[in-house]
Amino acid sequence: MTTPATTELRKTALNATHRRLGAKMVDFGGWDMPVEYTGILAEHRAVRTAAGLFDVSHMGEIVVHGPGAFELIQKVTCNNVEKLAVGQAHYSGLMTELGTFVDDLLVHKMSDTHFYLCVNASNQDKDCAHIVRHNTTGARVENASDYYTQIAIQGPKALGVLQRFTQVPLASINYYHFTHGLVNGVECLIARTGYTGEDGFEIYFAPEHSDKMWFALLASGEPDGLIPCGLGARNTLRLEAGMCLYGHEIDETTTVWEANLGWICKMDKGDFLGRAPLAKQKEEGVKRVLVGFEMTDKLIARDGCPVLHDGEKVGHVTSGSPAPFLGKNIGMAYVPGSLCAVGTQLQIGIRNHQAAARIVPLPFYKRPK
Amino acid sequence: MYPTDCRYTKEHEWIKMDGAIGTIGITDYAQHELGDVVFVELPQVGAKIEAGQPFGTVESVKAVSEIYSPVSGEVAETNSVLGNEPEKINQDPHGAAWLVKIKLSNLTEVNSLMDAAAYQAYIAEKQKETSA
């Protein structure tokens, strides 16, 4: 995900604010984004124990509407949109003809003929083109990313803080459901979703209100321990929660079966892109499986490190990092199906070391109910 | 803010001389760029190291950074505190969180390194680039 130096980095509506507040900025897949404010450890801890505020406006929003919308979404994604109620969202995969991932995404059902997709920032143009290419139903497909700021407020205190700004009874919005309403006087889509493993909300609204919303939530949440967070903590939080990141655990070479995402692939819903190769792979079995591991040596596995078993290379680390809340070094990796059992001892190639690791159940972290 | 009794490299290490022994660490700029340091890997006492070559690793939550030696010589001592308290590098990079002490094989190597004023000018230029 590198961008040629000649390309101007894309900016969210909160870019100047992040810089003014002293956030450390990085090139994130072509976007100039805050990687950390006070530090990844403090931000990670805040989200697990209080709350964190994230600008995730770089994420893409694609609107699909019209009479053919349902049929089109059913065709290009692997989850079953028929099961979605209006006001409900689900996690899904945008499929290639091979049954691999063009992207992973959230599908929000606004009405029977209107779907709102939240996709990865650096994939949004590719995703939109892919959906358009397979649009034989006459649906209207629009990349609406420029019309939305997306702010995530995550953590056990998130609901309490956000509730101060809206009449919508937030506790009545179930997990992976959403509604529309005013937040701080601004019309928002309010979704109880997130990418941290904590309770929380993601709100979508017109970019001109970004600064006002950001500062209002920050100021109000400060006594509760809410702090602004960057994408660094977002990554360690999602990894602890065992969630996949596009370009790491999943891409155009991996399938739902390999990535342990069988639960988002509904083979009985009828035909969809990639269904036949997915059916074949399901029958034949996968050659590699995504597993979670923790280091039993003190070294830290990183993305791309080789995974060894009895000295032989058997796979690679897709994401590796310290797990700040668990106080361990963890990672995810693809390994052969014969080596995926919990408890299996592996070695991770880290610089000139072969560091010991052990396969553990996913997710690494599950929030207390 | 950078101690004037030290010399500095473009890779953001500092070295402070005491006779033939040089104490080496990373600069405040480097620790800030790295973020929360969580792991440090240092060479064994007695190891030979070479100017401009990596001799250790400092890892933050997000990044792995190699440490380049400003000088050539032999490792005389390593800072054992950093094994259990790597975060000291964020808190006191120019003091308690020194990394290694080196017995220099060529004392004149130090003279080619930047002094505090030159280093400060060097990072001011870098910061201008990133905030552009």
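Residues numbered from 1 in each chain as written. Chains lettered and ligands numbered in written order. Predicted model: local features only at pLDDT ≥ 70, side-chain atom pairs only at ≥ 80, totals over all residues.

Q: Provide a residue-level description of the overall build of chain A, including the pertinent values.
A: Scanning chain A for helices and strands turns up 8 helices and 19 strands. Its C-alpha atoms give chain A a radius of gyration of 20 Å, within 12% of the compact-globule value 21 Å for 369 residues. With the C-alpha coordinates aligned to their principal axes, the bounding extent of chain A is approximately 60 × 50 × 50 Å. With 369 residues in all, chain A has 48% of them scored as buried. In chain A, 67% of the contacts between residues at least 6 apart in sequence involve partners at least 24 apart. (Helix = DSSP H or I, 4+ residues; strand = E, 2+ residues; numbered from the N terminus. Rg over C-alpha atoms; globule rule 2.2 N^0.38 Å. Buried ≥ 20, exposed ≤ 12 C-beta atoms within 10 Å, placed from the backbone. Contact = placed C-beta atoms within 7 Å.)

Q: I'd like a rundown of the sheet that holds strand β17 (residues 328-336) of chain A, residues and numbers included.
A: Residues and elements named next belong to chain A. The strand order around the closed barrel built from 6 strands is β14-β17-β16-β15-β18-β19, with neighbouring strands paired in antiparallel fashion. Neighbouring strand axes in the sheet, compared pairwise and without regard to direction, differ in orientation by 45° on average. Summarising the sheet, strand β16 (residues 312-323) and β17 pair through 7 bridges and their orientation is antiparallel. Pairing of Val 317 across the sheet is with Ala 333, part of β17. Of the strands in this sheet, β16 and β17 are in contact with helix α7 (residues 231-240), which crosses β16 at around 120°. (Pairing = 2+ DSSP bridges. Axes fitted to C-alpha atoms, helices over the stretch in contact; angles between N-to-C directions.)

Q: Residues and numbers for the sheet that holds strand β9 (residues 100-104) of chain B, please.
A: With antiparallel pairing, 6 strands are arranged side by side in an open sheet as β1-β2-β3-β9-β8-β5 (chain B). Only two strands of the sheet have a single neighbouring strand rather than two, namely β1 (7-8) and β5 (48-49) of chain B.

Q: Outline the nonpolar core, supporting the account with residue identities and numerical values.
A: A:Val64, A:Ile73, A:Val107, A:Leu117, A:Ile153, A:Ile203 and A:Ile348 are the most contacted members of the largest nonpolar core, which has 134 residues in total. Apart from the residues within four sequence positions on either side, A:Ile348 is in contact with A:Ala301, A:Cys305, A:Val307, A:Val317, A:Ala355 and A:Ala357. (Core = buried A, V, L, I, M, F, W, Y, C linked by C-beta atoms within 7 Å.)

Q: Please give an account of the domain arrangement of chain A that cites residues and values.
A: All names here are of chain A. According to the domain assignment, chain A contains domain 1 (15-57 + 148-240), domain 2 (60-146) and domain 3 (287-360). A separation of 24 Å is found between the C-alpha centroids of domain 1 and domain 2. Contact with domain 1, which involves 11 residues of that partner, is made by 11 residues of domain 2. Taken together, the residues of the side of domain 1 that touches domain 2 sort by class into 6 nonpolar, 5 polar and no charged. (Domains from an automatic or database assignment. Nonpolar A, V, L, I, M, F, W, Y, C, P; charged D, E, K, R; others polar.)

Q: Summarise the packing of helix α2 (residues 40-49) of chain A against α7(A); cite the residues concerned and give the values.
A: All names here are of chain A. Packing of α2 against α7 leaves a shortest axis separation of 9 Å and a crossing angle of 55°. With respect to α7, the element α2 is oriented oblique. In the packing of α2 onto α7, the handedness of the crossing is right-handed. Residues Ile 40, Glu 43, His 44 and Val 47 of α2 form the contact with α7, whose participating residues are Gly 232, Ala 233, Thr 236 and Leu 237. Its residues assigned to classes, the contact of α2 with α7 comprises 4 nonpolar, 3 polar and 1 charged. (Parallel < 35°, antiparallel > 145°, perpendicular 65-115°, else oblique. Left-handed = near helix turned anticlockwise from the far one by under 90°.)

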